[in-house]
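# Overview (structure and organization)
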Amino acid sequence: MKRPDPPQRRSQGERTDATRAALVGAARALFESRGFAGTGTPEIVAAANVTRGALYHHFADKTGLFHAVARQVAQEVADEITQRSRRHKKPVDALLAGAQAYFAAMAAAGRARLLLLEAPAVLSAEQVMGLSDLAGFQALQEGLQAALGEGQPVAAPLRELSVLLSAAFDRAALAIARGEPAAPYEQAIRLLLSRLVPA
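Heads up: these notes are all about the structure in this document. These figures come from a predicted structure and were not determined experimentally. The residue numbers shown here count from 1 along each chain, following its written sequence. Local features in a predicted model are, by the rule used here, given only for residues with pLDDT of at least 70; side-chain atom pairs are given and counted only at 80 or more, and totals for whole chains, interfaces and linings are based on all residues. Where side-chain values are given, they derive from all heavy atoms of the structure, hydrogens and water being excluded.

## As for the overall build of the protein
Every helix listed is a DSSP run of H or I at least four residues long, and every strand listed is a run of E at least two residues long, numbered separately from the N terminus. Scanning the protein from N- to C-terminus turns up 9 helices and 0 strands. Its helices and strands in sequence order give the protein the pattern α-α-α-α-α-α-α-α-α, from N to C terminus. For the C-alpha atoms alone, the extent of the protein along its principal axes is close to 70 × 50 × 30 Å. In the protein, which comprises 199 residues, the proportion classed as buried is 39%. Taking contacts inside the protein between residues at least 6 apart in sequence as the whole, the part at least 24 apart equals 66%. Of the roughly 11,600 Å² of accessible surface on the protein, a fraction of 54% belongs to carbon and sulfur atoms. Only four residue types enter the tally: Lys and Arg on the positive side, Asp and Glu on the negative side; His and the chain ends are excluded. The atom standing in for a charge is NZ when the residue is Lys, CZ when it is Arg, CG when it is Asp and CD when it is Glu. When the 23 basic and 19 acidic side-chain charges of the protein are each reduced to a single mean position, those positions are 5 Å apart. Burial classes: relative accessible area under 20% of the type maximum marks a residue as buried, over 50% as exposed, and values in between as partly exposed (1.4 Å probe, protein chains only). Here, two residues are considered to be in contact whenever any of their heavy atoms come within 4.5 Å of each other. Values of accessible area rely on a 1.4 Å probe in the Shrake-Rupley scheme; residue burial ignores everything except the protein chains shown.

Next up, the structure:
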């Protein structure tokens, strides 16, 4: 009778990755439910089942851990926008699909709180802008350029227009996350883009 193979021992790199993932996962759940200020590092390490030393091995402080959590959330939002918008060939349709995807992604529990309320209060302005770029601003700017330009140079102040639209998206996302229906905001965005982008 063949003896079972001995259990595979994880490499140091795998253990390191697992510890980091446990910290980020535990911190995310706590930050989403209690906020940054209401969450202490002892609670995080207890929930992650790691030592306090492990926390400070991976992150300089609680703010560094929060930034890692926020980047994870922003990347999830970006992935959902990309998945929805790339199905459309017309730039304006891709923009509309991206807006709908953003609203839907940000309506998921905790995301709007983390990215739109907690992050600006906890992180530097540069870090917050980096999160915004990751979570859809860069895609919005590229989508607007494609829709407005259609192969031609864009006469509009593209970056500034993108900043204004992004702020409108964030305000709508907060309202939807609070329980307001998404449909009227999607209709408003459709109307706005129809005025901006020539048919």
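## What to know about the environment of Val92
Tracing the backbone shows Val92 in helix α5 (residues 91-107). Excluding residues within four positions of it along the chain, Val92 makes contact with Ala147 and Val197.

## Comments concerning the layout of surface pockets
Only protein atoms enter the calculation, which uses a 1 Å grid: trapped sets of points that fit a 1.4 Å probe without letting it out are cavities, open sets showing protein on both sides within 12 Å along at least five of seven lines are pockets, and any residue with an atom within 4 Å of a point is a lining residue. Grid points are joined across faces, edges and corners, and a volume is the space filled by probe spheres set on the points. There is about 630 Å³ of room inside the largest pocket. Looking at the largest pocket, it is lined by 32 residues, and the ones nearest its centre are Ser132, Gly136, Phe137, Leu140 and Ser166. Of all the elements in the fold, those that place two or more residues in the lining of the largest pocket are α4 (62-85), α5, α6 (111-122), α7 (125-149) and α8 (158-177). Here the lining of the largest pocket takes 12 residues from α7, the largest share from any one element. Put simply, Ala, Val, Leu, Ile, Met, Phe, Trp, Tyr, Cys and Pro go in the nonpolar bin, Asp, Glu, Lys and Arg in the charged bin, and everything else, Gly too, in the polar bin. Counted by class, the lining of the largest pocket contains 23 nonpolar, 7 polar and 2 charged residues.

## Some remarks on the packing of aromatic side chains
Aromatic rings from Phe, Tyr and Trp, taking only the six-membered ring of Trp, are treated as a pair when their centres fall within 6.5 Å; an angle between ring planes under 30 degrees marks them as stacked, one over 60 as edge-to-face, and anything in between as tilted. Within this structure, the stated rule accounts for 6 aromatic pairs. Plain terms: the ring middles of Tyr102 and Phe103 are 6.3 Å apart, the flat faces sit at 55° to each other, and that makes the pair tilted. Of the two residues, Tyr102 and Phe103, neither departs from the other in class, the shared state being buried. The interplanar angle of 85° and the centroid separation of 5.9 Å between the aromatic rings of Phe103 and Phe169 together place this pair among those described as edge-to-face. Taken as a pair, Phe103 in helix α5 and Phe169 in helix α8 lie far apart in primary sequence, 66 residues in all. Take Phe103 and Phe169: they sit in the same class, and that class is buried. When the ring centre of Phe36 is taken as origin, the NZ or CZ atom of Lys62, which lies over that ring, is 4.1 Å away. Look at NZ for Lys and CZ for Arg. If either is within 6 Å of the ring centre and within 35 degrees of the ring normal, a charge sits over the ring.

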